[in-house]
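Commentary on secondary and tertiary structure
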Amino acid sequence: MTKLRILVLGGTGFIGRNVVTFFVQNALVDKVVVVDKVPPQLSWMNDEVKAVFENDVVEFRSANLIHAASVERAFAGLTIDFVINCAAETRPGMAPEIYEESIFKLGVNCVENAAKLGGLKRFIQLSSCMSSNSGTEVTEECAMEPWTVIGKQHAKLEEYLRSQKNVKYAILRLPIVYGKGDRTGLTPRIIAACLYKHLNATMKLLWTKDIKLNTIHVQDVASAIHHLLQNSSDDQIFNLVDDAKSTQGSITDILCSIYGIKCEYMGQILSKMTQIDVAGVVKDINEEHLGTWARLCQKGDLNTPLTPYIDADALENKHVNMSNRKLLATGYELKHPIVTRELIQDVIDDFVIQKFLPNEL
């Protein structure tokens, strides 16, 4: 099999580093060019990923992809088969203008420069399943109804990419992504469970256990990208979700089992009352959680990039409920079809080893 030459944008972030790791460890590439504004040395990587980035096939280029001139320098002189865009702002609580700049504007810069690469076979764009909300499964053909600020910018970037005639593309819409290195997917829920274990208190959650929260393991993101490079036609959109049909309840049950805590759901009536002053509720929750988290980190002498901070989008009574039938019809087989206690424990153990998370078990 001919080995590939790939460019991974946002390659030191959570998903990007796992994509690089998958392609390098499986000897699928002759060359991986990683572009990010954060160098590997400052990216909070575990030892396994650090070793991958020291491999001779990996080249790191520093660039802030928001700036057109920086993007041009990063792309200069490259001969690449595929560009994989993992770059996007995912941190909660940022101003809408920041998400527009670091998702839409960044994406446009990258597409424009990818179009100039001779021999490029396809541009892979990672997008968001948070662009639709439905209690029934949403397919790729359904109308997009973004309900998060991040989802809105991804939807706008998808529209732009579909309008470009000189770039062949594939779009992968992702739900909640988890796995080693995750900071914004399931990890805030992991931290919350850890906090309530420390407080010896019952964890209370808004709405009900039945809110649908599709999931996908980051190893499946990397594996599915490779699969689609080999097994799909151009200009396609795919939902990438597992078979778990995860809900707020199923995820919380795993965390309660791991940490030995109890959980209560506030239900529809009480939860709707919080929507009268969402900003105030978010402020109160974050003040309580962040204060306890700071004390735990100080007690354990932790230097950590993790935070329990949440924003208002996390308190919405919204579903992430996407169909994966189109992707599976291409022959893709999920590596991790369901979320298990063992997979979540792997994430926790990795953070504990790096002293990013206190060992409250």
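Note: the structure precedes this text.
Described in the following lines is the structure provided in the data block. As the structure is a prediction and not an experimental result, all values here were calculated from the model.

Here we take up the overall build of the protein chain. When its secondary structure is counted, the protein chain shows twelve helices and eleven strands. Compactness check: the protein chain gives a C-alpha radius of gyration of 20 Å against a globular reference of 21 Å for 361 residues, within 12% of the reference. In terms of overall dimensions, the protein chain has a C-alpha envelope of 60 × 45 × 40 Å along the principal axes. Summarising the internal contacts of the protein chain: among those between residues at least 6 apart in sequence, 83% fall at separations of at least 24. Put simply, the protein chain shows about 16100 Å² of open surface, and 50% of that area lies on carbon and sulfur atoms.

Glancing now at the side chain of Thr-247. Here Thr-247 shows up in the loop between β10 (236-239) and α8 (248-259). A polar contact of 3.3 Å, which involves the side chain of Thr-247, links it to the backbone oxygen of Lys-209. Residues within four places of Thr-247 in sequence aside, it is in contact with Lys-209, Asp-210, Ile-211, Lys-212 and Leu-213.

Looking now at the pattern of salt bridges. Within the structure shown, the criterion is met by twelve salt bridges. Salt-bridge contacts for Arg-91 lead to Glu-89; the nearest nitrogen and oxygen are separated by 2.8 Å. Exposure remark for Arg-91: the relative accessible area of 45% places this residue in the partly exposed category. Relative accessible area serves as the criterion here: at 11%, Glu-89 is assigned to the buried category. Several salt bridges converge on common partners, so that one network encompasses Lys-31, Glu-59 and Arg-61.

A few words now on the packing of helix α3 (residues 68-75) against helix α4 (residues 96-114). Where α3 contacts α4, the axes come no closer than 10 Å and their chain directions differ by 40°. The orientation of α3 relative to α4 falls into the category oblique. Viewed along their axes, α3 and α4 form a crossing whose handedness is right-handed. Of the residues in α4, those in contact with Ala-68, Val-71, Glu-72 and Phe-75 of α3 are Asn-109, Cys-110, Asn-113 and Ala-114. A per-class count over the contact of α3 with α4 returns five nonpolar, two polar and one charged.

In this structure the tally under the stated criterion is four aromatic pairs. Residues Phe-22 and Phe-23 carry aromatic rings whose centres are separated by 5.7 Å and whose planes lie at 80° to one another, so their mutual orientation is edge-to-face. In this pair, the class of Phe-22 matches that of Phe-23, namely buried. On the numbers, 6.4 Å between centres and 85° between planes, the contact of Phe-104 with Tyr-160 is edge-to-face. Taken together, the residues Phe-104 in helix α4 and Tyr-160 in helix α5 (residues 149-163) connect sequence positions 56 residues apart. There is no split in this pair, since Phe-104 and Tyr-160 are both buried. In this structure an aromatic cluster arises from ring pairing among Trp-44, Phe-351 and Phe-356. Over the ring of Phe-104 we find Lys-156, and its NZ or CZ is 4.5 Å from the ring centre. The side chain of Lys-326 reaches across the aromatic face of Phe-238, ending 5.0 Å from its centre.

Bringing helix α1 (residues 14-25) into the picture now. Compared with an ideal rise of 1.5 Å per residue, which puts twelve residues at 16 Å, α1 spans 17 Å between its outermost C-alpha atoms and is within 8% of the ideal. Counting buried positions along α1 gives eleven out of twelve residues, so the element sits mostly inside the fold. All of the buried residues in α1 are Phe-14, Ile-15, Gly-16, Arg-17, Asn-18, Val-19, Val-20, Thr-21, Phe-22, Phe-23 and Val-24.

What counts, and at which threshold
Residues numbered from 1 in each chain as written. Predicted model: local features only at pLDDT ≥ 70, side-chain atom pairs only at ≥ 80, totals over all residues. Heavy atoms only, no water. Helix = DSSP H or I, 4+ residues; strand = E, 2+ residues; numbered from the N terminus. Rg over C-alpha atoms; globule rule 2.2 N^0.38 Å. Contact = heavy atoms within 4.5 Å. Areas by Shrake-Rupley, 256 points an atom, 1.4 Å probe, with all protein chains shown as cover. Polar contact = N/O pair within 3.5 Å; in protein donor to acceptor, adjacent residues only side chain to side chain. Salt bridge = Lys/Arg side-chain N within 4 Å of Asp/Glu carboxyl O. Buried < 20%, exposed > 50% of the residue type's maximum accessible area, 1.4 Å probe, protein only. Axes fitted to C-alpha atoms, helices over the stretch in contact; angles between N-to-C directions. Parallel < 35°, antiparallel > 145°, perpendicular 65-115°, else oblique. Left-handed = near helix turned anticlockwise from the far one by under 90°. Nonpolar A, V, L, I, M, F, W, Y, C, P; charged D, E, K, R; others polar. Phe/Tyr/Trp six-rings, centres within 6.5 Å; stacked < 30°, edge-to-face > 60°. Lys NZ or Arg CZ within 6 Å of the ring centre and 35° of its normal. Expected span 1.5 Å × (residues − 1).

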